[in-house]
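Analysis of the macromolecular model
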Amino acid sequence: FWFDNPRGQSRKLCYVFESKHQNEDGNAIERWGTNYLLCKSLNPQVKYITFMSGKGCAEGKILYKYAESMKKISENCIFYLNENGFDEEQIESIMMKYLAEEKL
């Protein structure tokens, strides 16, 4: 969770970064939906960035289809899919890209 002001001041939730791993079976997308709706209730404009991994995010599989559907519903739902996952450097680079926008 990334807020725009330090603690103790009026703050707005600006970014949420989450990771989900799912193979062809599982319920990671169900938990994603609950988390997203809670964050959206705090700020309807929150940018919700999700890193997805596992066999379920291959093209045409469950996570891939879910991400494509959610992107159509909200431009603030942003997905990065990689069947083999992400390393720390990749995640940090993507996070910093979004957080740099906040300073503009």
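Worth saying up front: this structure is predicted, and the values here are computed from it rather than measured. (Residues numbered from 1 in each chain as written. Predicted model: local features only at pLDDT ≥ 70, side-chain atom pairs only at ≥ 80, totals over all residues. Heavy atoms only, no water.)

Focus on helix H1 (residues 28-42)
Counted at 1.5 Å a residue, the expected span for H1 with its 15 residues is 21 Å, and the 22 Å between its end C-alpha atoms agrees. Among the residues of H1, those classed as buried are Ala28, Ile29, Trp32, Gly33, Tyr36 and Cys39. Buried residues in H1, looked at end-on, bunch into an arc of 140°, giving them a common side. Along H1, exposed side chains directed more than 90 degrees from the buried face belong to Glu30, Thr34, Leu37, Leu38, Ser41 and Leu42. (Helix = DSSP H or I, 4+ residues; strand = E, 2+ residues; numbered from the N terminus. Expected span 1.5 Å × (residues − 1). Buried < 20%, exposed > 50% of the residue type's maximum accessible area, 1.4 Å probe, protein only. Arc of directions from axis to C-beta.)

Let's talk about the nonpolar core
Among the nonpolar cores identified, the biggest contains 15 residues, and Trp32 and Phe79 are the most heavily contacted of them. Where this core is concerned, the elements lending two or more residues are strand E2 (13-21), H1, strand E3 (47-53), helix H2 (62-73) and strand E4 (77-82). Per element, the largest residue contribution to this core is four residues, and it comes from H1. Dropping the residues within four chain positions of it, Phe79 is found in contact with Trp32, Thr50, Met52, Ala67, Met70 and Lys71. Listed in part, the ten residues of the second largest apolar core include Cys14, Phe17, Tyr80 and Leu99. (Core = buried A, V, L, I, M, F, W, Y, C linked by side-chain atoms within 4.5 Å. Contact = heavy atoms within 4.5 Å.)

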